[in-house]
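# Commentary on secondary and tertiary structure
In case you want the letters, here they are:
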Amino acid sequence: MLAQRMSLFSASGTANARAAAKAAAASGKGIIDLSAGEIWCEPPGTVVAGAIAAIERGENRYTDTVGIALLREVIATRLSLDTGHVWSADEVAVTAGAKQALFNAAMTVLNPGDEVLIPSPYWTTFPAQVQIAGAKAVFVDTRENGYWPRIEDLRAAVTPTTRAIVVNTPHNPTGAVYDRALLGSIAELAIRAKLWIIFDECYGSFAHEPHHHENIVSVVPEVRSRTLIVNAFSKQLALTGWRLGYLAGPKEVIAAVKALQSHTTSNPNVIAQHGVLAHLESGDRSFEAGLRTMLAVARRSGLEILSRLRDAPMLGAEGGFYFYLDLSTVLARCAPGTTIDDLTNRLLAEAGVAGVAGSAFGDPTGLRLSYGVQRDELEAGLVRLVTFFNDVD
Ligand code: PLP
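Residues numbered from 1 in each chain as written. Predicted model: local features only at pLDDT ≥ 70, side-chain atom pairs only at ≥ 80, totals over all residues. Heavy atoms only, no water.

### Section: the packing of aromatic side chains
- Scanning all chains against the criterion turns up 12 aromatic pairs.
- With a centroid separation of 4.9 Å and an interplanar angle of 40°, the aromatic rings of F321 and Y322 are classed as tilted. For the pair formed by F321 and Y322, the shared burial category is buried.
- One aromatic cluster is present, formed by Y203, F206, F321 and Y322 through successive ring pairs.
- Of note, R224 hangs over the ring of W87, and the distance from its end group to the ring centre comes to 3.8 Å.
- Positioned above the aromatic ring of Y322 is the side chain of R368, whose terminal nitrogen or guanidinium carbon lies 4.0 Å from the ring centre. (Phe/Tyr/Trp six-rings, centres within 6.5 Å; stacked < 30°, edge-to-face > 60°. Buried < 20%, exposed > 50% of the residue type's maximum accessible area, 1.4 Å probe, protein only. Lys NZ or Arg CZ within 6 Å of the ring centre and 35° of its normal.)

### Remarks on the side chain of T162
- Looking at the element boundaries, T162 is found in strand β5 (residues 162–168).
- By relative accessible area, T162 is classed as buried at 6%.
- Within the structure, the side chain of T162 is placed 2.7 Å from the backbone nitrogen of T159, a separation counted as a polar contact.
- Setting aside residues no more than four positions away along its own chain, T162 makes contact with E115, L117, A157 and L195. (Helix = DSSP H or I, 4+ residues; strand = E, 2+ residues; numbered from the N terminus. Polar contact = N/O pair within 3.5 Å; in protein donor to acceptor, adjacent residues only side chain to side chain. Contact = heavy atoms within 4.5 Å.)

### Considerations on helix α11 (residues 270–282)
- Taking 1.5 Å per residue, 13 residues should reach 18 Å; α11 reaches 18 Å between its end C-alpha atoms and fits that length.
- Of the residues making up α11, those classed as buried are V270, I271, A272, Q273, H274, G275, V276, L277, H279 and L280.
- Residue N269 occupies the N-cap position of α11, its side-chain oxygen lying 2.8 Å from the main-chain nitrogen of I271.
- Backbone geometry just downstream of α11 places G283 in the positive-phi region, at approximately 70°. (Expected span 1.5 Å × (residues − 1).)

### Some points on the environment of G319
- Mapped onto the secondary structure, G319 falls in the loop between α12 (286–306) and β9 (322–326).
- C-alpha separation for the pair G319 and A89, spaced 230 residues apart in sequence, amounts to 29 Å.
- Leaving out residues up to four positions away in the same chain, G319 has contacts with P170, G175, V177, F206, A207, H208 and Y371.

Shown next as structure tokens:
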């Protein structure tokens, strides 16, 4: 018999979509998979060389629970450069990807019964982790406002038990990139209502012109003591499988995270730490710049193809590497009772294109498509998809 908490959430919707796409591809159908939250290219040579050197040196033992001291220092220095505020190593915990950083944040600052504001559609893991911590996810719908939360909606959702707000920009799945004005209002609200800000900037390297990613601490320095910054090398260095991320926040929280992590996973993988350390120490950001350019080109070409969709509003796709379609008009054309899951399954079965249904993100009409795939695959997939949705009923 399972524990009660296991009834609060199910397996990640994005992981399920990825598995369905892989199963369809394995059955020999020519599937184009736009479901994955990762970028197809090889990681930077500096990371690979750093990891190989670490293996050859025999770096096989535990490191400090929250990461090699030098890596924490280098991350703190980079954060200082990026935010314009000085960070020290004891304000940084290295984790097994951003997912563990978020989990640590939830477990160290949330009490059972606390409420956490989450703009919706939302990345599927945010509410699941809040629920694992015994707290309650309170969703604030952003669909009528170009996927940006309206500050008055956030304010209206605050109650005496609200303890935190999740701010994810650039946003997964919607691609929204919040501007300084919105971040400023969220910061003001957090100060007034005494909220923690869980600030997930995993896609921070991918804001597409004219949009710019800003860290909320750079916009309103007063929120620093209530902000937990979550980031990872998974997306920015195309290293999803290496599992390396970090949490940056007040020293007391990082000390608590160290205690928690010492009883859960201990240190993140030592070889991954050395690989990323070598890359960060090199100071070379040309890989990140190249990735940004590659994604900007893919985005442009994808948007051009998607503009031929008869019944879907034009996309912002302001940041990250996802197109997020609102298919409410397409669904209205289909047989009564057709759901977004039905439509996504038909897209896979009839057009051979895999995406992630909005139901995974709390949205009954959305569809997420990744453009982190090779350009020819992306273009072929989107052409098939446009034909399918323009004809479907
Ligand atoms: N945060 C967001 C918004 C994400 O989209 C993801 C992964 O898709 C993560 C965190 C988790 O990243 P990681 O693979 O580093 O655990």
